Amino acid sequence: MSDLVLYFYGYIIFFYSMGLIISYVILMLLAEIGIFREKYHHLPEYAKHMIDTSPYTPGVSIIAAAYNEERTIVENVNSLLGQDYPRFEVVIVNDGSRDKTLETLIEHFSLVEVPFAYVEHIHTQPYKRLFKSTNPQYKQLTVVDKENGGTKADAINAGLNASLYPYFINTDVDCILAPDAITQCILPILESNDVIAVSGVMTSSNGCKIKDGKIVERKPPHTLWALFQTLEYLRSFLIGKMGWSTINAMPNVSGGYGLFRKDVIIAAGGYSGDSFAEDMDMLIRMVGYCCDFKKKYRIVQVPANCCWTEMPSTLRVLHRQRTRWGRGLMQTFVRHRSFLFNHKYKQLGMVTLPYVFFFEFLAPFIEFTGLVVFIYQAFTGAVNWQTASIIFLGIYTFCIILALVVLFYDYTIGGTFQKARSYFLIILAALLEPFIYHPFIVFFSIKGYFNYILRKRAAWGEMTRKGFANHKKQHKIAIKNNRTGGEV
């Protein structure tokens, strides 16, 4: 009986793997259509001229939450203020920081408290006060001070309540935006009133040379963990999201960088303060709102590097992040289970969520049980090693081809890195990913699922970043040199 079960299980795994490979091939073809359609759709110079000169150019609010960021907050805010766009504001939400984040902002940007009619469109932890700069150089900066809400979602909701413009960008305060990030993402909105959200490509700032809050030299990360994530992000944006965007079936817009219509977000209830996958949760509720009220909608992925973010460079920090993501994915499916296979919600309900459920949510369980079964059969002599080797080499070869296609697409849109030899490191990461990186991701995801099932206490925690460490080190060196009369 057990042999019969294992026999059928083997066929299930085979067809599951073939389904996953076929889906990636389809996404690659759809992504190619989307990338080349966007690349030759308009003249960048003409589009930029129209945006700069038109009185109808929509305003955009950049909203970022700050919690205990005193060492890097000045550089981070200067980076966000460096947008080449005619109408925008930067709203920094000080989410109950316990260090001198707020004091540093007040001192450097000449902030003063101003009266403000704060309307709570979305409920958040209590709002305290609002600051504006007395320096005309920083007229686009607004700082909101509020009590800590425990999640980024609560802070972004407070930023939405205080923002002025009809569109906003949800980003992280430590992200570095390309100078044309808003321009790249506003173009689909100018072309269609149905667009409710736009995603830009995010990539790794690990290894890049940064000066005055801007990327001045684009280099690959120096650590293997960050290299793996760079490849993963490129694959996610340039094949996954780009492919889904072509058929208007995007699964989410990254919480690290995305542009949204504010009225739709507010109508959908804002970000869920208790969600650990707020980006996917929010998009599902936005689509749900549009479908429930028979409103047309489009969600677009643009093939342009808009944002650089520092990725976890140690296994410990990666573990915290991916365990939270796993928990958030299960939380999302439990909370929005009524969307699954529901034709009312169009592509999202009938295509995207079923795909994510079978090929992303269930994948860690299937891979883990497959490994256990394989080890059992290996010890009992039931494995046909010749066939197993051929299957493994076939899947491994496909993974490498997929990585090469991703790098080709990246080169097509202008290239993440300035030097061609940098891509050899990404190819190295692709060769090692199935053996080193992927098993850990599977384990972290399963742990996140069980944390949710067992209702273990969850906390977002703080992400230890190399950039912060460098600033701290420089600060200590400066203090030492000041005491000894040396120079920094």
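Residues numbered from 1 in each chain as written. Predicted model: local features only at pLDDT ≥ 70, side-chain atom pairs only at ≥ 80, totals over all residues. Heavy atoms only, no water.

1. Thoughts on the overall build of the chain
A tally of helices and strands in the chain yields 16 helices and 12 strands. Principal axes of the C-alpha set define a box for the chain whose edges measure 75 × 65 × 50 Å. Going through the 488 residues of the chain one by one, you find that 51% of them count as buried. Residue pairs in contact within the chain that sit at least 24 positions apart in sequence constitute 79% of those at least 6 positions apart. Per element, the accessible surface of the chain, about 23700 Å² overall, is 60% carbon and sulfur. Charge centroids of the chain, computed over 49 positive and 40 negative side chains, lie 3 Å from each other. (Helix = DSSP H or I, 4+ residues; strand = E, 2+ residues; numbered from the N terminus. Buried < 20%, exposed > 50% of the residue type's maximum accessible area, 1.4 Å probe, protein only. Contact = heavy atoms within 4.5 Å. Areas by Shrake-Rupley, 256 points an atom, 1.4 Å probe, with all protein chains shown as cover. Lys, Arg positive; Asp, Glu negative; His and termini not counted. Charge placed at Lys NZ, Arg CZ, Asp CG, Glu CD.)

2. As for the sheet that holds strand 5 (residues 141-146)
With mixed pairing, 10 strands are arranged side by side in an open sheet as 3-4-5-2-1-6-11-8-12-7. Of all strands in the sheet, those with a lone pairing partner are strand 3 (111-114) and strand 7 (176-177), marking the two edges. Relative to strand 12 (residues 298-309), strand 7 runs antiparallel, the two sharing two bridges. Counted as the bridge partner of L177 is C307 from strand 12. (Pairing = 2+ DSSP bridges.)

3. Quick look at the pairing of strand 1 (residues 60-66)
Within strand 1, seven of the seven residues are buried, leaving the element largely enclosed by the surrounding structure. In this structure, strand 1 lies alongside strand 2 (residues 88-95), joined through seven bridges in parallel fashion. Looking at strand 2, one finds that A64 is bridged to I92. Handedness of the crossover joining strand 1 and strand 2 through helix 3 (residues 73-80): right-handed. The pairing of strand 1 with strand 6 (residues 167-172) spans six bridges and is parallel. The residue bridging A65 from the neighbouring strand is D172, located in strand 6. (Right-handed = clockwise from strand over helix to strand, strands pointing away.)

4. Structural notes on the packing of helix 12 (residues 363-380) against helix 15 (residues 437-453)
At their nearest, the axes of helix 12 and helix 15 sit 9 Å apart, and the two run at 115° to each other. Where helix 12 crosses over helix 15, the two elements pack in a sense that is left-handed. Contact with helix 12, carried on its side by P364, F365, E367 and F368, involves H438, V442, S445, I446, Y449 and F450 of helix 15 and no other residues of that element. Of the residues assigned to the contact of helix 12 with helix 15, the class counts are seven nonpolar, two polar and one charged. (Axes fitted to C-alpha atoms, helices over the stretch in contact; angles between N-to-C directions. Left-handed = near helix turned anticlockwise from the far one by under 90°. Nonpolar A, V, L, I, M, F, W, Y, C, P; charged D, E, K, R; others polar.)

5. Section: the pattern of salt bridges
Applying the stated criterion across every chain, the model contains 15 salt bridges. Salt-bridge contacts for E113 lead to R129; the nearest nitrogen and oxygen are separated by 4.0 Å. Of this pair, E113 sits in strand 3 while R129 sits in strand 4 (residues 127-133); the two residues are 16 residues apart in sequence, bridging distant segments of the chain. One salt bridge connects E232 with R322, and the closest N-O pair in it is separated by 2.9 Å. Of this pair, E232 sits in helix 7 (residues 224-246) while R322 sits in helix 10 (residues 315-335), and the two are 90 residues apart along the sequence. Residue class for E232 comes out buried when judged on its relative accessible area of 19%. (Salt bridge = Lys/Arg side-chain N within 4 Å of Asp/Glu carboxyl O.)

6. Structural notes on a nonpolar patch on the surface
A contiguous nonpolar patch, built from L4, Y7, F8, Y11, F14, F15, M18, I22 and I26 and spanning about 930 Å² of accessible area, is present on the exposed surface. Secondary-structure assignment places I26 in helix 1 (residues 2-39). The class of I26 is partly exposed, set by a relative accessible area of 44%. (Patch = residues over 30% accessible without salt bridge, like charges linked within 9 Å, V, L, I, M, F, W, Y side chains within 5 Å.)

7. Let's talk about the nonpolar core
When a protein is soluble and globular, its nonpolar side chains tend to lie buried together. Formed by 131 residues in total, the largest nonpolar core has its most connected members in I92, F109, L141, Y257, L259, Y271 and I299. Broken down by element, the residue count for this core peaks at 11 residues, all from helix 7. Once residues within four sequence positions are removed from consideration, I92 is found in contact with A64, A66, V77, L80, L105, L141, T142, V143, V144 and V173. (Core = buried A, V, L, I, M, F, W, Y, C linked by side-chain atoms within 4.5 Å.)

8. Brief notes about helix 12
The end-to-end C-alpha distance of helix 12, which contains 18 residues, comes to 25 Å, matching closely the 26 Å that a straight helix rising 1.5 Å per residue would cover. Three or more residues of helix 12 are buried, namely A363, P364, V373 and Q377. A positive backbone phi angle near 75° is found at G381, which sits one or two residues after helix 12. (Expected span 1.5 Å × (residues − 1).)

9. Points about the pairing of strand 11 (residues 257-261)
Each regular strand displays side chains that alternate between the two surfaces of the sheet. Burial runs high along strand 11: four of the five residues are buried. The pairing of strand 6 with strand 11 spans five bridges and is classified as antiparallel. Bridge assignment links N170 to a residue of strand 11, and that residue is G258. In this structure, strand 8 (residues 195-204) lies alongside strand 11, joined through two bridges in antiparallel fashion. When the bridges of strand 11 are listed, V198 appears paired with L259.

10. Brief notes about the packing of aromatic side chains
Within a pair of aromatic rings, the relevant descriptors are the distance that separates the centres and the angle that separates the planes. Tallied over the full model, the rule gives 31 aromatic pairs. Between F333 and F357, the aromatic rings sit 5.4 Å apart at their centres with planes inclined by 70°, giving edge-to-face as the arrangement. Here F357 lies in helix 11 (residues 346-361) and F333 lies in helix 10, a separation of 24 residues in the sequence. The class for F333 is buried, based on a relative accessible area of 9%. By relative accessible area, F357 is classed as partly exposed at 21%. Measuring from centroid to centroid gives 5.5 Å for F333 and F361, while their planes differ by 45°, and the two rings are tilted. Of this pair, F333 sits in helix 10 while F361 sits in helix 11, and the two are 28 residues apart along the sequence. Judged by relative accessible area, F361 falls into the buried class, the value being 8%. Site record: aromatic cluster; members linked through ring pairs are F333, F341, F357, F358, F361, F365 and Y449. (Phe/Tyr/Trp six-rings, centres within 6.5 Å; stacked < 30°, edge-to-face > 60°.)

11. Some details on the confidence of the model for the chain
Regions with low pLDDT should not have their predicted coordinates read in detail. Averaged over every residue, the pLDDT of the chain is 89; residues scoring 70 or more account for 92%. Across residues 468-488, confidence stays below pLDDT 50; counting only partners more than four residues off in sequence or on other chains, it has 11 contacts. (pLDDT = per-residue confidence, 0-100.)

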